[in-house]
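Commentary on secondary and tertiary structure
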Amino acid sequence: MKKRIQGLSFILILALIVTLATLILRLPYGWSVSAATVSLCAGLLLLQTWMLYVKKLLIKSNTALNKPPKASAWSFDNMALLKENQEETHKKFSVSAELITNLTHPEKIVATAGVDFSDPIGKALLLIKSEMQKIKEEDEKRAWVTQGQADFGEVLRNKVEVHEYGNNIMLYLVRYLKANQGKFFIEYEDENGDPYLELIACYAYDRRKHLSEKVYAGQGALGQNMLEHDFVFITDVPDSYVKITSGLGEATPRNLVIAPLIFNETYCGAIELALFNVMEPHHIEFLKKVCENIASEIMALKTMRRTEDLLGASRTLTDELQSRESQMKKNLDDLAASQAEIALKQTELSGVINAIDSTLGTAEFNATGRLLKHNMILEKFTGLTPENLAHKDYSLITGQREETLWRKIWNGEIRSGDYKTQSASRGELWLSVTFTPITDASLNPVKLLCMIQDITQKKVKEIEFERLSIVANNTDNSVIITDKLGYIEYVNSGFTKMTGFRADEVTGQKPGKLLQGPLTDKKTIEKLSRHVAGGIPIYEEILNYSKTGDTYWVSLAINPVRNSEGEIVQYISIQADITQTKIKAMDFNQKLEALSRSNAILEIDPRGIVIDINDNYLNILGYSRNEVLGKSYSLLTQKDNVFSKLIDTVKDQGIQSGVYSRYSKTGQLHFMKLLDYPVLNLNGELEKIIEFGTDVSNERRLEKEAERREAELKSYLHGIDNTIASAEFSLAGDLLQANEIFLKVMGYAREDFVETGFKYLLGEDAATVMMWENLRLGKFFSGEFKMKNKAGKELWLNGTFNPIFVEGDTPEKIMMFAQFTTQEKEKVNDLNGMVNALKSTLPVLEFNQQFTCKTANEKAMKIFGFSRMDLRSKTIEDFIAPHYRHLWQKYKDEILRTDVANFYIPFQAGERIVTYEVSLSVIRTLEGEIGKIIVLLVKEATDIDKVSALKVV
């Protein structure tokens, strides 16, 4: 008996070890190593409990066997008890083995009738079974979250227009979380800088009511979410908050979730979901993770939009700066002209100023302000004769007649002042006047004596200096003043703007050391040094460096400032930024060079003599340069009056253009398209004529060819009209025209166009409306779409919608060109149905041209024990049994030369080698190359000779 129990124990231990090994090897996909560890520990615990139970049972059996008989020496009671114990032990062995075998499948039911689970082994089995069920459920939830994140990543990577992007996100979230409604909000700022949430996408909401919804901070649950930046879970949803509508009626959801979209602690939006059921913890975990990914993508979209706005502002600022530069250049030219005019006036007035420096004019006025007496100097000041001055009053010197002013002067409140008046000979006159009352014996004023000095020159200089000061402080040009040794004493704000250096950073330094760098022309530097050392004014263009190391071009003028003895005391340098001008000049030279390379160019003086000609002109006519230069223009025209007519046309019309005949050196006639442009000197006189031209001798032949191609194009268009359907729509979507193919298939007549539009033909779903709005904006659409014919039946088409532009950037109409593909679509659907049915019935493997596995269905993965991740690194030889792989290499090329082949292959399926009847199909591209290879495992062959396993049937 003891030996039998020991044998059964050995069998149980062996079954337990095999079961645990199988459990570890066949853990369900997605189980962690911890699950295997728990299973192993549970098995060991069960083994220990069982051994203790067996030990107790053996002790009990030995006691019963060795118990002394009570009645007689021979008794069968002990044998009956031992047999009962043996049967109970055998029964528990069977139940335990079956429970251990099904540990990895807790859902299976084991027949346990009559088994007591109150003993340690029963309790341990039930506990392990319960724990394994919990572990499996947790791993399934983790796998659900992981798979959802992976699938959602594909949705986020498919970036489209922001509203369509939001619709894709909401569609996936609502379906995956089994929600009933959803909204997607993005945070923006209004014109006052206040943040608000704008609805960009929704699912199962009344779009007309909610699509333009805006929510500011603090408004409702969404507004509070903007302030708190945390998830909001509402399980007691008010009846008026939201309704979920279906064909059976309306109902209030049980659970409302508001999820913030936060990236790097920056709030950028929110998602609102309504559900009938309360979300489970792993659903919430998934929602939190995907909200981080959505926030990252939203921040990227908003950053892209801000970048586009900044680029637009930058382009606007660049245009404005260029405009200001042109205006500043004009202002500088006007300033230079004004300075020349002022210098001329200063020369004219210098004689007058020297004559009156030490001379004063006098005038006496009575109490009413009438002039009583004056001297000749006043006559000189005013330019009036004594007769003209006889009836003048105080306004002669104050420039205006104002009683209040005169009373203050007469009463002694104003003793002196500078006044602007008019001189009959010189115009504007500034006088410095001192008022002295002349009193009688009673100290009552009887008249007023005025001492008058002409300060017109001083005032003019003050105004001039003020203007120059304003120009220096407000111009963008750089002004530098140095001492006689070249060390900086003063720079204006224009210098700081241009170079980036502040005045305190450059004072006491030499400009050359600060502003010149490696790319500055050495010869220009030497020239500047020579002129400055010799006290010679200089104007030059030079490349400078700013404080940040950026290069810029300036035109600079350096002039020495001398004292009365003629000694240099300072240098003044004015620099203008000509970087853009330089760039434009380089661009102009490059364009001129490109023009010279592509056109024939000729220069003629006013006498009709050729003064220059380029190689293109020479190559066309076959002359050398020496044969043309200095010769008459008639050499090329072979007519004497052509040049005189050219001069007359240029004088009347400004230019001459057209196709003219020119003759080569050999006398061959060439038709050339010419443009003759006059170049005038500063006096407006004709300096020379520049002639640009191209040889158009072949133009007539090309015109004929163009006419032929135009006729061919019309033929092509006629053929297209007879081959595919075409229709013309207005921007509003009304059907305007259609060809016969469209009318015939759709069942319309031309009189039906009045009430037919794209919304009836294509439907009114959001995607169709968005497509039409994009077409109205000038965007092209291509792809497959549906239309309803006149009878209301949906037809499939494949083609394009094309915006037609006539003038400007706004399309005037929409043209559709398409082929009806309804029959092909139905065939494809039938074929897809057959393929899906086949995949659900048979194991299917798919390989690329090199026989690397691309994918497989669930049946195939179950047979070979591979996960979908494992398949990526497998080739067909990893599936074939090792001893038969050399036969596969032998027949592989022969198999690939056929499109379909049927044969037998022995496969390695886990521990077994199983032979299947296989159908191999080679799928080729349009170019005939192998695109993929599909292998169907039709059925398992049991009686096939393994030696000829790879022989084609």
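Residues numbered from 1 in each chain as written. Predicted model: local features only at pLDDT ≥ 70, side-chain atom pairs only at ≥ 80, totals over all residues. Heavy atoms only, no water.

1. Details of the packing of aromatic side chains
The way to describe two aromatic rings as a pair is by their centre distance and the angle between their planes. What the rule picks out here adds up to 26 aromatic pairs. Seen in terms of ring centroids, Tyr172 and Tyr176 are 5.3 Å apart; in terms of plane orientation they differ by 10°. Their pairing is stacked. Highlighted residues: Tyr172 and Tyr176, both in helix α5 (residues 162–176), separated by 4 residues, approximately one helical turn. Measuring from ring centre to ring centre gives 4.9 Å for Phe864 and Phe879, while their planes differ by 85°; the resulting arrangement is edge-to-face. Of the two residues, Phe864 is situated in helix α28 (residues 858–864) and Phe879 in the loop between α29 (868–871) and α30 (885–896); the sequence distance between them amounts to 15 residues. Of the two residues, Phe864 and Phe879, both sit in the buried class. Grouping aromatic residues by their ring pairs yields a cluster made of Phe847, Phe851, Phe864, Phe866, Phe879, Trp888, Phe907 and Tyr916. We note Lys510 situated over the ring of Tyr487; from NZ or CZ to the ring centre the distance is 5.2 Å. Just above the ring of Trp553 sits the side chain of Lys582; from NZ or CZ to the centre is 4.4 Å. (Phe/Tyr/Trp six-rings, centres within 6.5 Å; stacked < 30°, edge-to-face > 60°. Helix = DSSP H or I, 4+ residues; strand = E, 2+ residues; numbered from the N terminus. Buried < 20%, exposed > 50% of the residue type's maximum accessible area, 1.4 Å probe, protein only. Lys NZ or Arg CZ within 6 Å of the ring centre and 35° of its normal.)

2. Considerations on the pairing of strand β13 (residues 445–454)
Of the pairings in the sheet, the one linking strand β9 (residues 361–365) to β13 comprises 5 bridges and is antiparallel in character. Each bridged residue has a counterpart across the sheet, and for Phe365 the counterpart in β13 is Leu448. Sheet topology places strand β12 (residues 427–439) next to β13; 9 bridges connect them, and they run antiparallel. Counterpart to Ile438 in the pairing with β13 is Lys447. Linking β12 back to β13 in an antiparallel pair, the connection comprises 5 residues, with Leu443 at a positive phi of about 65°. (Pairing = 2+ DSSP bridges.)

3. A short note on the confidence of the model for the protein
Scored by pLDDT, the protein has a mean of 79; 81% of the residues are at 70 or more. Residue range residues 22–35 is modelled with pLDDT below 50. Its contacts to residues more than four positions away, or to other chains, number 15 contacts. In the model, residues 206–211 has pLDDT below 50 throughout and makes 6 contacts with residues more than four positions away in sequence or in other chains. (pLDDT = per-residue confidence, 0-100. Contact = heavy atoms within 4.5 Å.)

4. Some details on the pattern of salt bridges
Applying the stated criterion across every chain, the model contains 27 salt bridges. Residue Asp393 pairs with Arg401 through a salt bridge whose shortest N-O separation is 2.2 Å. A residue is classified by how much of its surface remains accessible, and Arg401, at 49% relative accessible area, is partly exposed. If you follow the salt bridges from partner to partner, you end up with Arg502, Asp504, Glu505 and Lys547 in one network. (Salt bridge = Lys/Arg side-chain N within 4 Å of Asp/Glu carboxyl O.)

5. A short note on helix α17 (residues 522–533)
Note that an α-helix has 3.6 residues per turn; residues three or four places apart therefore point the same way. In a regular helix each residue adds 1.5 Å, so 12 residues correspond to 16 Å; α17 covers 17 Å between its end C-alpha atoms and thus fits that length. Of the residues making up α17, those classed as buried are Thr524, Leu528 and His531. An end-on view of α17 places all buried positions within 70° of arc, on one side of the element. Opposite the buried face of α17, by more than 90 degrees, sit the exposed residues Lys522, Lys523, Arg530 and Ala533. Tucked into the core, α17 has its buried residues touching β16 (538–545) and β17 (551–562). Directly beyond the C-terminal end of α17, a positive phi value near 70° is found at Gly535. (Expected span 1.5 Å × (residues − 1). Arc of directions from axis to C-beta.)

6. Let's talk about the sheet that holds strand β3 (residues 214–216)
On the basis of which strands lie adjacent, the open sheet formed by 6 strands has the order β3-β2-β1-β8-β7-β4 and antiparallel pairing. Whereas interior strands pair on both sides, the edge strands pair on one side only; in this sheet they are β3 and β4 (232–234). Adjacent strand axes in the sheet meet at a mean angle of 20° when their direction is disregarded. Bridge count between strand β1 (residues 181–189) and strand β8 (residues 266–275): 6 bridges; the pairing is antiparallel. Bridging from a neighbouring strand, Gln181 pairs with Ala274 of β8. Where α5 meets the sheet, it contacts β1, β2 (195–203) and β8, and its direction lies at approximately 65° from that of β2. (Axes fitted to C-alpha atoms, helices over the stretch in contact; angles between N-to-C directions.)

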